[in-house]
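The primary structure of each chain is shown beneath.
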Amino acid sequence: MTGSMVYRLAAGVAAAPHMASFRRAMAEAEGLLDNRGYTFIAGFHGAPGWYCWHHQISRRTRLQARLFLPWHRAYLWWLEQALQDRVEGVALPWWDWTTEHRVPPAYAARRVDGAPNPLYATRAYVPTARPPINRRTRRAPGRNPAARLPVPEEISDAQTGGGVLEDPDWASFSDRLENVHDEVHGWVGGDMGDVTTAAYDPVFFAHHCMIDRVWYLWQVRHGTRRIPAELLDLELVPFGKRVRDVLEVQALGYEYADSATEIPVPGGDHG
């Protein structure tokens with residue numbers, strides 16, 4: 001049922017049960033041409049919606065605010081809810097680019113089980129863009145010499161205190177994590193390297209799910225309320241939420257988990 005608690009897991013191999021259900025939900029969402037579909041939701045970020053927040057700026061307003069993390073958390077939640085309308089209990093996977101220094105295999109395969117892989121690419125269709133966009137998404141992983149994938153010590157290094165998770169200041173933490181985020185976009189390249197089309201690439205959401213997970217881990221260490229009060233009532237358009245509404249991931253219906261174990265039901269079919 002939409003709105004029930006789900007557990008976001010690391011992006012696994014294509015055959016992993018959580019990846020198979022996610023892939024099925026994505027295939028259905030990519031096939032919808034109305035406001036329930038993936039293409040419509042992808043368009044919130046860059047073209048044609050331009051609602052996204054990066055480096056305290058959104059094209060939709062003159063306001064300057066650190067809404068990068070809250071806005072993208074609401075964005076992930078919105079897509080996850082739409083996918084749960086397609087496949088009950090599905091959750092977004094995260095790509096741990098500190099240890100998986102490649103596009104996750106489940107996203108890199110053109111075909112899975114003989115069928116086109118909906119995580120490999122989608123059609124970016126923005127007829128109102130200038131010039132109009134109507135093509136499959138593309139990547140160029142590792143070809144940008146100015147970008148690299150992060151290493152674990154950049155995220156957590158308790159010995160030196162140098163990782164972003166050890167930074168107790170909201171503004172500093174948010175800015176540093178956003179810079180890490182930028183590096184990954186640049187490393188993947190292609191459409192991911194352009195805000196205009198980045199969200200049309202399904203790996204965008206695996207990347208941002210990892211960013212959201214790092215924020216969640218930071219909140220576990222430093223508290224969920226270590227964010228300026230003046231931000232709390234700012235709206236996260238177009239998701240119908242304010243910053244205060246996205247501070248607790250459990251209230252949004254999800255948690256992060258490192259692994260999942262299938263528990264057999266006595267006398268039941270647990271296949």
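Residues numbered from 1 in each chain as written. Predicted model: local features only at pLDDT ≥ 70, side-chain atom pairs only at ≥ 80, totals over all residues. Heavy atoms only, no water.

### Points about the confidence of the model for the protein
We count it as follows: As a per-residue measure, pLDDT reflects the predictor's confidence and takes values from 0 up to 100. For this analysis, residues touch if any pair of their heavy atoms sits within 4.5 Å.
Across the protein, pLDDT averages 93, with 94% of residues at or above 70. With pLDDT under 50 throughout, residues 263–271 is counted as low confidence; its partners more than four residues away or in other chains account for 4 contacts.

### Here's the deal with the pairing of strand β4 (residues 123–126)
Our working rule: For each residue, the accessible area found with a 1.4 Å probe, counting protein chains only, is set against the maximum for its type, and the residue is called buried under 20%, exposed over 50%, and partly exposed in between. Runs of H or I in DSSP of at least four residues are treated as helices and runs of E of at least two as strands, each being numbered from the N terminus. For two strands to be treated as a pair, DSSP must find no fewer than two bridges joining them.
Here β4 shows a buried face lined by A124 and V126 and an unburied face lined by R123 and Y125. As judged from the 4 bridges shared by β4 and strand β5 (residues 133–136), these two strands associate in the antiparallel manner. Looking at β5, one finds that A124 is bridged to R135.

### As for helix α6 (residues 170–188)
The condition is simple: Expected helix span is given by 1.5 Å per residue-to-residue step, counting one fewer step than there are residues. By the criterion applied in these results, polar contacts are pairs of N or O atoms within 3.5 Å in which, for protein atoms, one can donate a hydrogen and the other can accept it, and in which residues neighboring in sequence qualify only through two side-chain atoms.
End to end, α6 covers 27 Å across 19 residues, agreeing with the expected 27 Å (1.5 Å per residue, within 8%). Those residues of α6 that are buried lie in contact with α3 (68–84), α5 (152–155) and α7 (203–222). Where α6 begins, one side-chain oxygen reaches toward the backbone nitrogen of A171, 3.3 Å away; that side chain belongs to D169.

### A few points about unusual backbone geometry
Looking along the chain, the bond that leaves A47 and enters P48 is cis, with omega of 0 degrees. If you trace the backbone, P48 turns up in the loop between α2 (38–42) and α3. Cis geometry marks the peptide bond from V237 to P238, where omega comes out at 10 degrees. Counting through the fold element by element, P238 comes out in the loop between β6 (235–236) and β7 (241–242). One non-glycine residue, W50, lies in the positive phi region at around 60 degrees. Overall, W50 belongs to the buried group, its relative accessible area being 16%. You will see that H55, though not glycine, has its phi angle at about 50 degrees, which is positive. Inspection of the secondary structure assignment puts H55 in the loop between α2 and α3.

### A closer look at the packing of aromatic side chains
Two descriptors summarise a pair of aromatic rings, namely the distance from one centre to the other and the angle between the planes of the rings. This is how it is decided: Each pair of aromatic rings taken from Phe, Tyr and Trp, with Trp reduced to its six-membered ring, is defined by centres within 6.5 Å and is described as stacked if the planes are under 30 degrees apart, edge-to-face if over 60, and tilted in the remaining cases. Working rule: Lys NZ or Arg CZ, within 6 Å of ring centre, within 35 degrees of ring normal, means a charge sits over the ring.
Counted by the stated rule, this structure contains 20 aromatic pairs. Three or more aromatic residues link up through ring pairs in this structure, and these residues are Y38, F40, F44, Y51, W71, Y75, W77, W78, F204, F205 and F239. Against the face of Y120 rests R139, its NZ or CZ located 5.8 Å from the ring centre.

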